[in-house]
Protein chains: 2
Amino acid sequence: MPSDAPYWEAHSVDPAALTDSDKQSYKKLSSFAAKGVAVVTAVQGRWDQATVVTDYLSVSYDPPTMLVSLYSLSRMAEAFVESGRWGVSLLASNQRNVAEALGEQASPLPRLLDRIPHFRTGEGTPALIVGSLCWFDLRTTHVTVAATHTLFVGEVTAMGRSAEFGALPLTRFQSGYLRSK
Amino acid sequence: MPSDAPYWEAHSVDPAALTDSDKQSYKKLSSFAAKGVAVVTAVQGRWDQATVVTDYLSVSYDPPTMLVSLYSLSRMAEAFVESGRWGVSLLASNQRNVAEALGEQASPLPRLLDRIPHFRTGEGTPALIVGSLCWFDLRTTHVTVAATHTLFVGEVTAMGRSAEFGALPLTRFQSGYLRSK
């Protein structure tokens, strides 16, 4: 590669012969995607399951449709499959403690939400986080498996705000949070 | 709703009887999701197609897999289908001019990239943006339609950096950009 190349750490990948170095490079590079931090929730039997995610997106306005990507073998994915209903709460920048309490990528544990202020829009619907920038109740409409993850697509059945006006988002970037002003 | 409710602007949605007000509320609420801005590209016949997106995510490390959501009737979605190969370049905070030149949600036009420094990892592969935080070449592995959009899932065939170390992301939030430090 010439020294004036407009890129570096360029790395070819052969998906049929993946190396650990490929996976490490991808982890590092994909961490440059800034992402608002969200809590996803579902009721599984008697328990609330909750975990922190950044892999979600808005798919459509018509009808309001969102997607969340969950590791297929996670307890959260199991709760989504069992319940078919889930909540998404986008955290504000002053809710870093919520993200840390729920522990990114950790297995969600029953009663974890006991210590985190939450509410519901109805009996038996998913918990939603008090103080979140916005929140959505959803019902699964499509499920697709892609590599190690399952993509849950759902339509919005209720939505609202909880944070004060002017609140900023809690945003992941690289291995930390983006400082916003 | 009691005045001490921990939420406001709460809004129920009946997906079977959607109103314009539902769509407007969802647009406003979903804009609270902070998202790094990316340029997606594909070669369509003799032309580069390019557009600005925030609806993408990393699906898996094993193999490195990403997803981009495109409006099904867009020229970009057509280019993705025809080519089966696409590029994702995550913009740095000093590339707001690139995002504005490509025009969010506008139809991509041939030769639009002429004015934007770009490179390729090989002959006929998608254009990638010089100065981007990171870039990925992908090949489509799954296509799923969800409401008005098509979800393109692809595996990474090459990846790298282009921005200087320490560069910050260009991040959408509400109707503008998040100011980071």
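You'll find the structure just up there.
Rules used throughout
- Residue positions are given per chain, counting from 1 as you read along its sequence in written order.
- Each chain gets a letter, beginning with A, and each ligand a number, beginning with 1, in the order they are written.
- Local features in a predicted model are, by the rule used here, given only for residues with pLDDT of at least 70; side-chain atom pairs are given and counted only at 80 or more, and totals for whole chains, interfaces and linings are based on all residues.
- Side-chain figures throughout are based on the complete set of non-hydrogen atoms in the structure, without hydrogens or water.
- Secondary structure elements are defined from DSSP: runs of H or I of at least 4 residues count as helices, runs of E of at least 2 residues count as strands, and each element is numbered from the N terminus.
- Relative accessible area decides the class of each residue, using a 1.4 Å probe on protein chains only: under 20% of the type maximum gives buried, over 50% gives exposed, and in between gives partly exposed.
- The criterion used for residue contact is that any of the two residues' heavy atoms lie within 4.5 Å.
- The superposition of copies rests on a least-squares fit of C-alpha positions from residues with pLDDT of 70 or more in both.
- Relevant arc is that of directions from the helix axis to the C-beta atoms, nothing else.
- The buried area of a pairing is the accessible area, by a 1.4 Å probe, that goes missing from both parts when the two are put together, added over both.
- A pair is scored as a salt bridge if a Lys or Arg side-chain nitrogen falls within 4 Å of a carboxyl oxygen belonging to Asp or Glu.
- Here a pair means two rings of Phe, Tyr or Trp (six-membered ring of Trp) with centres within 6.5 Å. Their orientation is stacked below 30 degrees between planes, edge-to-face above 60, and tilted elsewhere.

**Observations concerning the overall build of chain A**
A tally of regular secondary structure across chain A gives 3 helices and 13 strands. Expressed along its principal axes, the backbone C-alpha trace of chain A runs to roughly 60 × 40 × 35 Å. Residues counted as buried form 56% of the 181 residues belonging to chain A. Excluding contacts between residues fewer than 6 apart, the proportion of contacts in chain A whose partners are at least 24 apart in sequence is 63%.

**Some details on the relation of the copies chain A and chain B**
Between chain A and chain B, the superposition needs a rotation of 180° and an axial shift of 0.0 Å, giving an RMSD of 0.0 Å. Interpreted geometrically, this transformation is the action of a two-fold axis. Within chain A, the C-alpha atom positioned nearest to the axis of rotation is that of A:S180, 2.2 Å from it. Looking at the interface residues of chain A, 99% of them are also at the interface in chain B, so both copies use one shared face.

**Here's the deal with the side chain of B:T157**
Within the secondary structure, B:T157 is located in strand β11 (residues 149–161). Judged by its relative accessible area of 14%, B:T157 falls in the buried class. If near-sequence neighbours (up to four positions away) are discounted, B:T157 is found in contact with A:H11, A:S12, A:V13, B:D137, B:L138 and B:R139.

**Here's the deal with helix α1 (residues 20–30) of chain B**
Residue and element names in this part refer to chain B. Within the span of α1, buried status applies to D22, S25, Y26, L29 and S30. On an axial view of α1, the arc spanned by its buried residues comes to 120°, and they lie on one face. Turned more than 90 degrees off the buried face of α1, the exposed positions are D20 and Q24.

**Quick word on helix α2 (residues 75–83) of chain B**
Residue and element names in this part refer to chain B. Among all positions of α2, only M76, A77, A79 and F80 are buried. One side of α2 carries all its buried residues, which in axial view fall inside an arc of 160°. Looking at α2, the residues exposed on the side facing more than 90 degrees away from the buried face are V81 and E82. G84, located one to two residues past α2, shows a positive phi value of around 70°.

**Here we look at the interface of chain A and chain B**
Counting residues at the interface gives 74 residues for chain A, matched by 73 residues for chain B. A buried area of about 6,700 Å², summed over both sides, lies between chain A and chain B, and 68% of it is on carbon and sulfur atoms. For chain A, the biggest contributors to the area lost against chain B are A:W8, A:Y26 and A:M159; these three give 12% of the whole. Viewed at the interface, chain B and chain A are joined by 2 salt bridges.

**Observations regarding the packing of aromatic side chains**
On inspection of all chains with the given rule, the structure shows 12 aromatic pairs over all chains. Ring geometry for A:Y61 and B:Y26: centres 6.0 Å apart, planes at 70°, overall edge-to-face. Here the residue A:Y61 occupies a position in strand β5 (residues 56–61), and B:Y26 occupies one in helix α1, the pair thus bridging two chains. Relative to B:W135, the ring of B:F119 has its centre 5.5 Å away and its plane inclined at 80°; by these criteria the two rings are edge-to-face. Here B:F119 is found in strand β8 (residues 118–119), whereas its partner B:W135 is found in strand β10 (residues 134–146), with 16 residues between them in sequence. We note that B:F119, like B:W135, is buried.

These values are about where atoms sit, not about what they do.
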